[in-house]
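Commentary on secondary and tertiary structure
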Amino acid sequence: MSARDQGIVVEGLARAFKEIRAVEGIDLEISPGEIYGFLGPNGAGKSTTVHMLTTLLPPTGGRATVAGFDVVADGPKVRARIGAALQETALDPFLSGREHLRLQASLHGIRGAERQRLQDELLGRVGLTQAADRKVRTYSGGMKRRLDLALSLIHGPSILFLDEPTTGLDPQSRAALWQEVGRLAREEGVTVFLTTQYLEEADVLADRVGIIDHGRIVAEGTPAELKAEVGKSTVEIVPEQFADEPRLAEILARFGTETAARPGAAAVRLDGRGGLADVVRALDQENLRAAEINLHSPSLDDVFLAKTGRKLEGAEEEDDE
Amino acid sequence: MTDTAHQVLLIARRSLVRTARQPGTWIPPLAFPLILMAVNSNGLRAATHLPGFPTKSFLAFFVPFSFMQGALFASGIAGTDLARDIDSGFLNRLALTPVRGSALLLGQIGGVLGLGAVQAVIYLSVALAFGVHIDAGAGGAILILVLALGAAAGFGTLGLWIALRTGSAEGVQSMFPLLFFLLLVSSMNLPRNLIEVAWFRDIATANPVSYMIEALRSLVIEGWNLEALALGFGVTIGLTGVSLLLASRQLRVRMART
């Protein structure tokens, strides 16, 4: 079986730093060619997990195989098959993009015409051909991230670790990076382990998502499965006339359970007795005019809230208190 | 060429290119020893009238100090650059490649040697241009360069160890005054037998840097003094060996890849 046919298998993986247990016995199984989103707030254990799986940090418990090799016993074999863009865009500000690629390729034993071909191909693929000979200190954040991605791909890895690859990027750069990561998985069969604190990123990119909090995986599944676990959509309506609010609440109650809403609005969690169209039809029949109608589908943030009791945004601050 | 040798070359080249592209880091270390050479060789010229002073040219007496000072500056640059690599995660990037730890260290030392060689050639050329005569001849001049490179390797490796130990550029820079203090309490300004203050003479005698300076000095003003050379080379090799051992052990801790 080739490395490309093997993904990541993690059993009870743990890492403690003296008294602090950063990762507490996680289990994962990631199939070849899958994009796995590892979602959690800062300090949840995402980067520690990535460091263990990329052989940069020995685990203190459990075991993991990456591309079929044990991360502790077969470090060099694992490293030969993985690419990693870690959280810091670890680049030398005084080297150019092309010099970075040349150094990285040479250290991987790629030389001569093959190295030149790979450099040119990757620079083109990440849109840095024009800027290839400029020093990295003149690059924008998005360009640095793209170079980081190119560097992680120079030796043709079968598994790619991306640790918060779009943190701090503008929407355009973020979308470009998503596109390239998606293409790598779809067209080249690269397995992608992506950590992120952005719900949208996990939702858009990942085939499956694992949510980690305080070093433990609290939920795992496809984004659709996880959202379905949390519940149905919520409809929130603001009546045109404030006085209509009690009547509005009565109408909405026909479609589900009342739920919290903004002042001046009424909201219901749909329970299957009708959808948004039925609610609108009912309002029309009752001659009740709405100033605003919002349909809120469950998000991964709702999943995080349901599993941890906290919103993902601000979870880190809450932990610090 | 073996893989390791190729890796050493790659790391050394990157280290040199990086240094060359930061003139702010190499111009002052190049200029400052020359300025001090000019100032001291004029200001302390009267010292040559002391009975027993080994030469009539204070410049000839003082020029070895410039090599040592250059080596210290080179150590600061090497250490700071490595500390920045640790801080920025670049060391982790290298750790993810098949690069060997030994190649990483030797490559960094190679970068220090490159800078040290440029410095030493310039100091020696300036000294010769201002009339310093190398008593040990051309062979002595070559040995001066070798010893200067040895000092750069020794102090440079010490700088790498401090960088690996502290992981911060500030940590490296805060050690620099301590190393500079070792220079100041050596026999840099006077031969040890002419230092009248006993405690200072004792410290200078116990200070290994004195023997590195005296070995260089012997080639300039005495010719071939085998005892001075043996002591100087012994201290230099010892410093490099101990620093290399410390740096290698610390690299294993810092780069804890499996």
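Look above for the structure.
What this report covers is the structure whose coordinates are included nearby. Note that the coordinates shown come from a computational prediction; the quantities given were computed from them, not determined experimentally.

Some details on the overall build of chain A
Each helix and strand counted, chain A has twelve helices and 14 strands in total. For chain A, the spread of C-alpha atoms along the three principal axes comes to 75 × 45 × 40 Å. Considering only residue pairs separated by 6 or more positions, chain A has 67% of its internal contacts joining residues 24 or more positions apart.

Focus: the overall build of chain B
A tally of regular secondary structure across chain B gives ten helices and zero strands. Going from the N terminus to the C terminus, chain B shows its helices and strands as α-α-α-α-α-α-α-α-α-α. Against the globule reference of 18 Å for 258 residues, chain B gives a C-alpha radius of gyration of 19 Å, in line with a compact fold. By its C-alpha atoms, chain B is 65 × 35 × 35 Å across when sized along the principal axes. Burial statistics for chain B: of 258 residues in total, 46% are counted as buried. Sequence separation of 24 or more characterises 80% of the internal contacts of chain B that already satisfy a separation of 6 or more.

A look at helix 2 (residues 23-43) of chain B
All names here are of chain B. For helix 2, built from 21 residues, the straight-helix expectation of 30 Å at 1.5 Å per residue is met to within 8% by its first-to-last C-alpha distance of 29 Å. Where helix 2 is concerned, the buried positions are P33, M37 and S41. Within helix 2, the buried residues cover an arc of 55° as seen down the axis, which keeps them to one side. Along helix 2, exposed side chains directed more than 90 degrees from the buried face belong to P23, G24, I27, P28, A31, I35, V39, N42 and G43. On the buried face of helix 2, the contacting elements are helix 3 (58-88) and helix 5 (101-129).

Some thoughts on the environment of F61 of chain B
Residue and element names in this part refer to chain B. Looking at the element boundaries, F61 is found in helix 3. Residue class for F61 comes out buried when judged on the 27 C-beta atoms lying within 10 Å of it. With 106 residues separating them in the primary sequence, F61 and G167 have C-alpha atoms 38 Å apart.

Remarks on the sheet that holds strand 14 (residues 290-296) of chain A
All names here are of chain A. Strand order in the open sheet made by the four strands is 12-13-11-14, with antiparallel pairing throughout. Each end of this open sheet is capped by a strand with a single partner; those strands are strand 12 (256-259) and strand 14. Sheet twist, expressed as the average angle between the axes of neighbouring strands with direction ignored, equals 25°. Bridge count between strand 11 (residues 234-239) and strand 14: six bridges; the pairing is antiparallel. When the sheet's bridge partners are listed, E236 is paired in strand 14 with N294. Sitting on the sheet, helix 9 (residues 245-253) is in contact with strand 11, strand 12 and strand 13 (266-270), with an inclination near 5° to strand 13.

Thoughts on the pairing of strand 11 of chain A
All names here are of chain A. Strand 11 sits mainly inside the fold: five of its six residues count as buried. In this structure, strand 11 lies alongside strand 13, joined through four bridges in antiparallel fashion. Bridge pairing links I237 to A266 in strand 13.

Notes on the sheet that holds strand 3 (residues 35-39) of chain A
All names here are of chain A. The strand order across the open sheet formed by six strands is 6-7-8-3-9-10, and the pairing between neighbours is mixed. Where the open sheet ends on each side, the last strands, each with one partner, are strand 6 (82-85) and strand 10 (216-221). Between one strand axis and the next, the sheet turns through 15° on average, direction left out of account. As paired elements, strand 6 and strand 7 (residues 159-163) share four bridges and run parallel to each other. For A84, the partnering residue across the bridge sits in strand 7 and is F161.

Some thoughts on the packing of helix 5 of chain B against helix 6 (residues 137-166) of chain B
Residue and element names in this part refer to chain B. Helix 6 packs onto helix 5 with a crossing angle of 140° between their chain directions and a minimal axis gap of 8 Å. In terms of orientation, helix 5 and helix 6 fall into the oblique class. In this structure, helix 5 crosses over helix 6, and the sense of that crossing is right-handed. Residues L105, Q108, I109, V112, L113, G116, A117, A120, V121 and L124 of helix 5 form the contact with helix 6, whose own contacting residues are A141, I144, L145, A148, L149, A152, A153, G156, T157 and L160.

A closer look at the interface of chain B and chain A
Many analyses report the size of an interface as the accessible area lost when the parts associate. Counting residues at the interface gives 21 residues for chain B and 24 residues for chain A. With six residues, helix 1 (residues 3-20) of chain B is the single largest residue contributor to the side of chain B that touches chain A.

Concerning unusual backbone geometry
All names here are of chain A. One non-glycine residue with positive phi stands out, namely K18, at about 55°. Secondary-structure assignment places K18 in the loop between strand 1 (8-17) and strand 2 (20-30). Its identity is not glycine, yet A67 carries a phi of approximately 55°, on the positive side. With respect to the helices and strands, the residue A67 is situated in the loop between strand 4 (61-66) and strand 5 (69-70).

Focus on the nonpolar core
Within the largest apolar cluster, 147 residues are counted, with the highest numbers of intra-cluster contacts made by V66, A150, V192 and F193 of chain A together with A152 of chain B. The leading source of residues in this core is helix 3 of chain B, at 17 residues. Not counting chain neighbours up to four residues away, the residues in contact with A152 of chain B comprise A71, A74, V112, L113 and G116 of chain B. Of all hydrophobic cores here, the second largest spans eleven residues; its members include V238, L252, L270 and V279 of chain A.

Digging into helix 3 (residues 97-107) of chain A
When you tally the buried positions in helix 3 of chain A, you get nine out of eleven residues, the bulk of the element. Inspection of helix 3 of chain A places G97, E99, H100, L101, R102, L103, Q104, A105 and L107 of chain A among the buried residues, and these make up the whole buried set. Check the buried side of helix 3 of chain A and you find it contacts helix 4 (112-125) and helix 5 (141-153) of chain A together with helix 1 of chain B.

Some points on the pairing of strand 4 of chain A
Residues and elements named next belong to chain A. Bridge count for strand 1 against strand 4 is five bridges, and the pairing is antiparallel. In the sheet register, V10 faces strand 4, and the bridge partner there is A64. When strand 4 meets strand 5, the two strands line up antiparallel, connected through two bridges. Paired with T65 across the bridge in strand 5 is D70.

Calculation notes
Residues numbered from 1 in each chain as written. Chains lettered and ligands numbered in written order. Predicted model: local features only at pLDDT ≥ 70, side-chain atom pairs only at ≥ 80, totals over all residues. Helix = DSSP H or I, 4+ residues; strand = E, 2+ residues; numbered from the N terminus. Contact = placed C-beta atoms within 7 Å. Rg over C-alpha atoms; globule rule 2.2 N^0.38 Å. Buried ≥ 20, exposed ≤ 12 C-beta atoms within 10 Å, placed from the backbone. Expected span 1.5 Å × (residues − 1). Arc of directions from axis to C-beta. Pairing = 2+ DSSP bridges. Axes fitted to C-alpha atoms, helices over the stretch in contact; angles between N-to-C directions. Parallel < 35°, antiparallel > 145°, perpendicular 65-115°, else oblique. Left-handed = near helix turned anticlockwise from the far one by under 90°. Core = buried A, V, L, I, M, F, W, Y, C linked by C-beta atoms within 7 Å.

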